[in-house]
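# Observations on chain architecture
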There are 2 protein chains.
Amino acid sequence: MPLAVADNSRLCLHTITTKPWPIETAAARYAAAGVQGITVWRDALDDRDPVKVGAMLRDSGLEVVSLCRGGFFPARLAEDRAKALDDNRRAIAEAHELGAPHIVLVCGAVPGLPLVEARQQIAEGIAALLPDCAAANVKLAIEPLHPMYADSRSAINTLGQANDLAAQLDSPWVGVAIDVYHLWWDPALEREIARCGRLKKILAYHVCDWRTPTGDLLLDRGLMGDGCIPLRQIRSWVEAAGFNGFNEVEIFSTRHWADDQDDFLARIVTAYHNHV
Amino acid sequence: MPLAVADNSRLCLHTITTKPWPIETAAARYAAAGVQGITVWRDALDDRDPVKVGAMLRDSGLEVVSLCRGGFFPARLAEDRAKALDDNRRAIAEAHELGAPHIVLVCGAVPGLPLVEARQQIAEGIAALLPDCAAANVKLAIEPLHPMYADSRSAINTLGQANDLAAQLDSPWVGVAIDVYHLWWDPALEREIARCGRLKKILAYHVCDWRTPTGDLLLDRGLMGDGCIPLRQIRSWVEAAGFNGFNEVEIFSTRHWADDQDDFLARIVTAYHNHV
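These lines cover the structure that appears in this document, whether it is placed above or below. (Residues numbered from 1 in each chain as written. Chains lettered and ligands numbered in written order. Predicted model: local features only at pLDDT ≥ 70, side-chain atom pairs only at ≥ 80, totals over all residues. Heavy atoms only, no water.)

Let's shift gears to the relation of the copies chain B and chain A. Laying chain B over chain A is done by rotating through 180° and shifting 0.0 Å along the axis; what remains is an RMSD of 0.0 Å. Both copies of the chain, as the preceding transformation shows, are related through a two-fold rotation axis. When the interface residues of chain B are mapped onto chain A, 100% of them are again interface residues, pointing to one common binding face. (Least-squares fit on C-alpha atoms with pLDDT ≥ 70 in both. Contact = heavy atoms within 4.5 Å.)

Moving on: the sheet that holds strand E7 (residues 202-207) of chain B. All names here are of chain B. If you walk around this closed barrel you meet the eight strands as E1-E2-E3-E4-E5-E6-E7-E8, and the pairing is parallel. Each neighbouring strand pair of the sheet contributes to a mean axis angle of 30°, computed without reference to strand direction. Against the sheet, helix H4 (residues 78-98) touches strand E2 (37-41), strand E3 (63-71), strand E4 (102-106) and strand E5 (139-142), its axis set at about 175° to E3. Sitting on the sheet, helix H5 (residues 115-136) touches E4, E5 and strand E6 (174-179), and the angle it makes with E5 is about 150°. (Pairing = 2+ DSSP bridges. Helix = DSSP H or I, 4+ residues; strand = E, 2+ residues; numbered from the N terminus. Axes fitted to C-alpha atoms, helices over the stretch in contact; angles between N-to-C directions.)

All names here are of chain B. Of note, the bond from cysteine 68 into arginine 69 is cis; its omega dihedral lies within 30 degrees of zero at 5°. Residue position: arginine 69 is located in strand E3. In the segment running from threonine 212 into proline 213, the intervening peptide bond is cis, with an omega of -10°. In this structure, proline 213 sits in the loop between E7 and helix H9 (231-240). Positioned with a positive phi, asparagine 137 is a non-glycine residue whose angle comes to about 60°. By the secondary structure assignment, asparagine 137 is in the loop between H5 and E5. A positive phi angle, near 60°, is found at lysine 200, a position not held by glycine. Following the sequence through the fold, lysine 200 ends up in the loop between helix H8 (189-198) and E7. Residue lysine 200 is classed as exposed on the basis of its relative accessible area, which comes to 73%. (Buried < 20%, exposed > 50% of the residue type's maximum accessible area, 1.4 Å probe, protein only.)

All names here are of chain A. Enumeration according to the criterion identifies seven aromatic pairs over all chains in this entry. Considering the side-chain rings of tryptophan 41 and phenylalanine 252, the 5.4 Å spacing of their centres and the 80° angle between planes classify their relative orientation as edge-to-face. One end of the pair, tryptophan 41, is in strand E2 (residues 37-41); the other, phenylalanine 252, is in the loop between strand E8 (247-249) and helix H10 (254-257), and 211 residues separate them in sequence. Pairwise contacts between aromatic rings join Tyr181, Trp184 and Trp210 into one cluster. Above the ring of tryptophan 257, the side-chain terminus of lysine 19 is found at 4.6 Å from the ring centroid. (Phe/Tyr/Trp six-rings, centres within 6.5 Å; stacked < 30°, edge-to-face > 60°. Lys NZ or Arg CZ within 6 Å of the ring centre and 35° of its normal.)

This next bit is on the side chain of glutamate 248 of chain A. Residues and elements named next belong to chain A. Take glutamate 248: it is sitting in strand E8. Of note is the side chain of glutamate 248, whose polar atom sits 2.7 Å from the side chain of histidine 14. At a separation of 3.4 Å, a polar atom in the side chain of glutamate 248 contacts the side chain of histidine 206. (Polar contact = N/O pair within 3.5 Å; in protein donor to acceptor, adjacent residues only side chain to side chain.)

Right, let's get into the interface of chain B and chain A. Contacts between chain B and chain A engage 23 residues on the former and 23 residues on the latter. Across the chain B to chain A interface the summed buried area is about 1,800 Å²; carbon plus sulfur atoms make up 74%. Put simply, chain B and chain A have six residue pairs in polar contact (both at pLDDT 80 or more) between them. Here the residues of the side of chain B that touches chain A are counted per class, giving eleven nonpolar, eight polar and four charged. (Buried area = accessible area lost by both parts, 1.4 Å probe. Nonpolar A, V, L, I, M, F, W, Y, C, P; charged D, E, K, R; others polar.)

Before going further, it helps to spend a moment on the pairing of E4 of chain B. All names here are of chain B. For E4, a buried count of five out of five residues is recorded, marking the element as mostly surrounded by other parts of the structure. In E4, alternate side chains face the same way, and those of His102, Val104 and Val106 on one face and Ile103 and Leu105 on the other are all buried. Sheet topology places E3 next to E4; four bridges connect them, and they run parallel. Counterpart to leucine 67 in the pairing with E4 is isoleucine 103. Regarding the hand of the β-α-β motif, the stretch spanning E3, H4 and E4 is right-handed. With four bridges joining them, E4 and E5 adopt parallel strand pairing. Counted as the bridge partner of valine 104 is alanine 141 from E5. (Right-handed = clockwise from strand over helix to strand, strands pointing away.)

The next subject is the nonpolar core. Of all hydrophobic cores here, the largest spans 182 residues; its most connected members are Ile126, Ile142 and Met224 of chain A together with Ile126, Ile142 and Met224 of chain B. Excluding anything up to four places from it in sequence, isoleucine 142 of chain B contacts Leu105, Cys107, Ile126, Ile156, Ala162, Leu165, Ala166, Leu169, Val174, Gly175, Val176 and Ala177 of chain B. (Core = buried A, V, L, I, M, F, W, Y, C linked by side-chain atoms within 4.5 Å.)

Okay, helix H5 (residues 115-136) of chain A next. Residue and element names in this part refer to chain A. Across its 22 residues, H5 extends 31 Å between first and last C-alpha, which sits within 8% of the 32 Å expected from 1.5 Å per residue. Maximal helix bending in H5 amounts to about 40°, located at leucine 130; proline proline 131 follows within four positions. Where H5 is buried, its residues touch helix H4 (78-98), strand E4 (102-106), strand E5 (139-142), helix H6 (159-169) and strand E6 (174-179). Immediately beyond the C-terminal end of H5, within one or two residues, lies asparagine 137, with a positive phi of roughly 60°. (Expected span 1.5 Å × (residues − 1). Bend = angle between axes of the 7 residues up to and from the residue.)

Bringing the layout of surface pockets into the picture now. Each pocket or cavity is described by its volume, and for the largest pocket that value is around 920 Å³. Looking at the largest pocket, it is lined by 36 residues, and the ones nearest its centre are Thr158 and Ala188 of chain A together with Asp186, Ala188 and Arg191 of chain B. Elements with a contribution of two residues or more to the lining of the largest pocket: H5, H6 and helix H8 (189-198) of chain A together with H5, helix H6 (159-169) and H8 of chain B. The residue inventory of the lining of the largest pocket, partitioned by class, reads 14 nonpolar, ten polar and twelve charged. (1 Å grid on protein atoms, 1.4 Å probe; cavity = no way out; pocket = protein on both sides within 12 Å on 5 of 7 lines; lining within 4 Å. Points joined across faces, edges and corners; volume = space filled by probe spheres on them.)

For the rest of this paragraph, the subject is the pattern of salt bridges. Using the criterion set out here, one finds 34 salt bridges over all chains in the structure. Between aspartate 220 of chain B and arginine 211 of chain B there is a salt bridge, and its shortest N-O distance comes to 3.2 Å. For the residue pair aspartate 220 of chain B and arginine 211 of chain B, the accessibility class agrees, reading buried in each case. Connected through salt bridges with shared partners, the residues Arg42, Asp87, Arg90 and Glu94 of chain A form a single ionic network. (Salt bridge = Lys/Arg side-chain N within 4 Å of Asp/Glu carboxyl O.)

As structure tokens, this is what we get:
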């Protein structure tokens, strides 16, 4: 049986997990709870200056782990693909200012646009951003999304595909984000995590749980331990593949956003030790 | 561009598609609409005699295409796995009496039971039924289910896995059911359909569509043309793999069950010609 986490030293939260809190509150509460890292969702920046937010987070004792999220490259019209690149360039600038070493990519999909075309547009979109990444010292983490999002959120739906794409792009500015929610069901998961490690591409590891029944395709993720994902087993594969970065708690849940967020944070920390 | 269907000669409906109708009404309305085949869900049999239902369906001019559904093999306790086998043996008897040549298998999964164990129990369950299949002249069609059902409905989530399992069991009584709703997103789909054809394992082909957004994980399937699945392309792959059986319309939808069922049936037939 894989071991429990030793302590909080690799515990990171995504701001979206405690969406009701403004980022200043999140920073203070996370730090007080012993959380060590924070992944910033762009909506949490709102009209704030990313430079000041980054300083505030570090002053709170938190490491800025990543910025969520860029991507959404495919579109039917070239002008819309160009707009997507512009938005990704803004995200790269924000990550640089914030001091985030990478951006998580939700790669995109358009209902009815053939998946093979969407995948080609994703590859082209990422390739077009590589000079900006190098200039800003910000990497891009391809996050394969669950196949239930293949219609409109991502045409990259398995770790095998993300590994293929990262290998094809062959850039030091491109890696992969591994999220248990999207990938736990895949019979090739252990093998593809090992391959991602051999490629030196694992940039991030995200955890939550899969509830039974799941009431909503998007906003019913579970707290670790409230579902069926073999969290310790998957973490053991990721660590065996050489990853020793943060375990990032990313939970979108209308159920948990309605909870008292201080109570929820305390339960996250307990669940992290008991289940991740 | 793949061709439209020529006529109704390969059009089959699942009784669940028009769930509000008792099977006698469904048979009469399907036949009047030019539908040629029917797949019977076990709930539609209720307390009826399958022998008489089969005769009624054939007298209506319908071919009995299959019985839905068997499976749900995995369980934590051996006694529950034995109960599942008993229920599958009842399904085999019903299919025989009804005159259905095969049963569609939703293979099963148990939240928290490791998927590798569930898959082993599925293989053992199917293997245990093979003598019953031979005696009843009824085949079993492994239906890979969408990964969003890996928690509680099926640990077989890609056509590659279904092909592997069918190849491993290596029995003339085991084949595969290909359902676009479950498989459309898979980058390996064309290759695995071709492989399924080479294995001579394609027993069934199910169609519907994937709506954006999808409001419910189970009961929001779309009418063909109302979603993003490349139906003609996938049918062209299935036919290139040697399949020339029925195109079965299987739609679970609280939205469409609330429609006038005569109107819905007319729209199904139109959508079949325009989109399948």
